[in-house]
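Letter by letter, the chains look like this.
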Amino acid sequence: SAGVSRFDAIFFSSSMRNVVGEGGGAVHAIWGTVLITLAAAVISIPIGLMTAIYLVEYGAGKRIARGITFLVDVMTGIPSIVAGLFAYALFALFFGAGVRLGIMGSIALSVLMIPVVVRSSEEMLRLVPNELREAAYALGVPKWLTILKVVLPPAIAGITTGVMLSIAR
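Reference entry: report on the structure contained in this document. (Residues numbered from 1 in each chain as written. Predicted model: local features only at pLDDT ≥ 70, side-chain atom pairs only at ≥ 80, totals over all residues. Heavy atoms only, no water.)

## Brief notes about the pattern of salt bridges
Opposite charge on two side chains lets them pair, provided their charged atoms get close. Throughout the structure, instances matching the rule amount to four salt bridges. The partner of E122 in a salt bridge is R119, and the shortest N-O contact between them spans 2.9 Å. Of the two residues, E122 and R119 are both situated in helix α5 (residues 102-127); the distance of three residues between them amounts to about one turn of the helix. Overall, the relative accessible area of 3% leaves E122 in the buried class. For R119, a relative accessible area of 25% translates into the label partly exposed. The residue E122 makes a salt bridge to R126 at a minimum N-O spacing of 2.6 Å. (Salt bridge = Lys/Arg side-chain N within 4 Å of Asp/Glu carboxyl O. Helix = DSSP H or I, 4+ residues; strand = E, 2+ residues; numbered from the N terminus. Buried < 20%, exposed > 50% of the residue type's maximum accessible area, 1.4 Å probe, protein only.)

## A short note on the packing of aromatic side chains
The final tally for this structure, using the stated rule, is four aromatic pairs. Ring centres 5.2 Å apart and planes at 75° place the aromatic pair F11 and F12 in the edge-to-face group. Look at F91 and F95: their rings are 5.8 Å apart centre to centre, the planes differ by 20°, and that puts the pair in the stacked class. Placement of both F91 and F95 in helix α4 (residues 80-95) is noted, with a separation of four residues, approximately one turn of the helix. Overall, the relative accessible area of 11% leaves F91 in the buried class. (Phe/Tyr/Trp six-rings, centres within 6.5 Å; stacked < 30°, edge-to-face > 60°.)

Structure representation (structure tokens):
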């Protein structure tokens, strides 16, 4: 109950920089969380969305698509500590042991986010009727433009939901 009195606007608007003893706040922690999550979203959303588009539109029945689907299924079950150790080991190989960078957290979060984005986007893209695609092809629209203008707009609400779920994870 003594901590509730410190849970005020000053706590959320002041930093811990040069604070010794009482005082300070959590603004640095809030900004760090926002920036790392934003960087993870910038990394994982395009990769996940492009992977889902490939799996649905281009890779149907191909061996590489089955391999990607298997890897996405395996990545879905990765614990967060393993993703963190992977990111640390990756950066330790390039920059040496003891490296501390914020992008490492973003990479670890991306490893956790990508499978969720791929799975949800893939399901939403599969829900778009093939008749819409076929109608666009019959009019002479190229495949990439069909995906961009015909397939993605009906699926965008579900894709957005999947992105939000991946950020929440």
